[in-house]
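A structural walkthrough
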Amino acid sequence: MNATDRTPADLLRSALAADPGRPLVTFYDDATGERVELSVATFANWVAKTANLLQGDLAAEPGDRLALLLPAHWQTAVWLLACSSVGVLADVGGDPADADLVVSGPDTLESARACSGERVALALRPLGGRFPQPPSGFLDYAVEVPGQGDRFAPYAPVDPGAPALAVGGTELTGTELVARAVADARDLGLASGARLLSSRPYDTWDGLSAGLYAPLATGGSVVLCRNLDQLGAGGLEKRVESERVDVGVH
């Protein structure tokens, strides 16, 4: 990161300027056997497309609240950074009835219908696949995002002092989020460029920090593991070795 970075979107821009080709997010789902690796450049491209969808097609504005009903997943990480890019408050696990718009996985569609604003659904299928049958009342993210622009510019500058993230009853501004991520990285022993493996869910700050923000703040990368309990005997040790993991949290 740079000393001037005050939002998660700033952290991503610094990572892109420093080394766009290095890995940033490596995602495993041990229930499906899926593995996806995104370089900084590829991740930033997904973020730009999603931010363009958010700002353009969904007409989201700075200060809007987005209920993010998604598990720990690489696409969730993309949405978190897209929200930061636009200035939208990402309310992780938030009440859709209190949100201006909602982004839902396949398991929370019914509760997501309580949102009176725009609704987006993610199938969370391997390779970012679409729903076989689009859910009624929702835009299918996998259908809408590919045609979005590869570069993003916000209509209005993002205020780093505005609320950026809500999770587990805690609300953080962009500046507070970056400061906590940097402190967490130090507490976790993450050196610059370190590779962290996390199986923590995204429903707490600790899970979000280890699974995205702390590695991003230190020029590192994350191996994000979902359903790690379904990995066979000795599998974790092999993954730590093959992925060259420096620090692991569970």
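Residues numbered from 1 in each chain as written. Predicted model: local features only at pLDDT ≥ 70, side-chain atom pairs only at ≥ 80, totals over all residues. Heavy atoms only, no water.

**Quick look at the overall build of the protein chain**
- Each helix and strand counted, the protein chain has eight helices and 12 strands in total.
- By the compact-globule yardstick of 18 Å for 250 residues, the protein chain fits well, its C-alpha radius of gyration being 17 Å.
- Across its three principal axes, the protein chain shows a C-alpha extent of roughly 45 × 40 × 35 Å.
- Expressed as a percentage of the 250 residues in the protein chain, the buried residues total 53%.
- Residue pairs in contact within the protein chain that sit at least 24 positions apart in sequence constitute 67% of those at least 6 positions apart.
- Element-wise, carbon and sulfur atoms account for 49% of the exposed surface of the protein chain, whose accessible area totals about 10700 Å².
- Across the protein chain, the 19 positively charged side chains and the 32 negatively charged ones have centroids separated by 5 Å. (Helix = DSSP H or I, 4+ residues; strand = E, 2+ residues; numbered from the N terminus. Rg over C-alpha atoms; globule rule 2.2 N^0.38 Å. Buried < 20%, exposed > 50% of the residue type's maximum accessible area, 1.4 Å probe, protein only. Contact = heavy atoms within 4.5 Å. Areas by Shrake-Rupley, 256 points an atom, 1.4 Å probe, with all protein chains shown as cover. Lys, Arg positive; Asp, Glu negative; His and termini not counted. Charge placed at Lys NZ, Arg CZ, Asp CG, Glu CD.)

**Side note on the pattern of salt bridges**
- In this structure the tally under the stated criterion is 11 salt bridges.
- A salt bridge links R35 to E37; the nearest nitrogen and oxygen atoms lie 3.0 Å apart.
- Assessed through its relative accessible area of 42%, R35 is described here as partly exposed.
- Notably, a salt bridge pairs R65 with E171, separated by 3.2 Å at the nearest N-O pair. Remark: E171 occurs in strand 9 (residues 170-173) and R65 occurs in strand 3 (residues 65-69); sequence separation between them is 106 residues.
- When its relative accessible area of 42% is taken as the criterion, E171 is described as partly exposed.
- Residues participating in the shared-partner salt-bridge network are R35, E37, R195 and E243. (Salt bridge = Lys/Arg side-chain N within 4 Å of Asp/Glu carboxyl O.)

**Structural notes on unusual backbone geometry**
- Positive phi, close to 55°, is recorded for A59, a residue that is not glycine.
- With respect to the element layout, A59 can be found in the loop between helix 2 (40-57) and strand 3.
- When its relative accessible area of 51% is taken as the criterion, A59 is described as exposed.
- Of note in this structure, R244 is not a glycine but carries a positive phi near 55°.

**Quick notes on the packing of helix 2 against helix 3 (residues 74-86)**
- Two elements in contact, helix 2 and helix 3, have axes separated by 8 Å at closest approach and are oriented at 60°. In terms of orientation, helix 2 and helix 3 fall into the oblique class. Relative to helix 3, helix 2 is oriented so that their crossing is right-handed. Contact residues: helix 2 offers F43, W46, V47, T50, A51, L53, L54 and Q55, while helix 3 offers W74, Q75, A77, V78, W79, L81, A82, C83, S85 and V86.
- Each residue belonging to the contact of helix 2 with helix 3 can be placed in one class, and the counts come to 14 nonpolar, four polar and no charged. (Axes fitted to C-alpha atoms, helices over the stretch in contact; angles between N-to-C directions. Parallel < 35°, antiparallel > 145°, perpendicular 65-115°, else oblique. Left-handed = near helix turned anticlockwise from the far one by under 90°. Nonpolar A, V, L, I, M, F, W, Y, C, P; charged D, E, K, R; others polar.)

**As for the nonpolar core**
- Of all hydrophobic cores here, the largest spans 63 residues; its most connected members are F43, L54, W79, L80, L165 and Y213.
- Of all the elements, helix 3 adds the most residues to this core, at nine residues.
- Among residues more than four places away in sequence, those in contact with L165 are L80, L89, A90, V92, T170, E171, L172, L177, W205, L208 and Y213.
- Of all hydrophobic cores here, the second largest spans 11 residues; its members include L109, A112, C115 and A121. (Core = buried A, V, L, I, M, F, W, Y, C linked by side-chain atoms within 4.5 Å.)

**Notes on the sheet that holds strand 4 (residues 89-92)**
- Sheet architecture is open: seven strands sit in the order 7-6-5-3-4-8-9, paired in mixed fashion. This sheet does not close on itself; its edge strands, each paired only once, are strand 7 (139-140) and strand 9.
- Of the strand pairs in this sheet, strand 3 and strand 4 are connected by four bridges, and their pairing is parallel. Within strand 4, the residue paired with R65 across the bridge is L89.
- Those strands touched by helix 3 are strand 3, strand 4, strand 5 (101-104), strand 6 (118-121) and strand 8 (163-167), and its axis lies near 170° from that of strand 3.
- Strands in contact with helix 7 (residues 205-217) are strand 4, strand 8 and strand 9; relative to strand 8, the strand with the most contacts, it is inclined by about 120°. (Pairing = 2+ DSSP bridges.)

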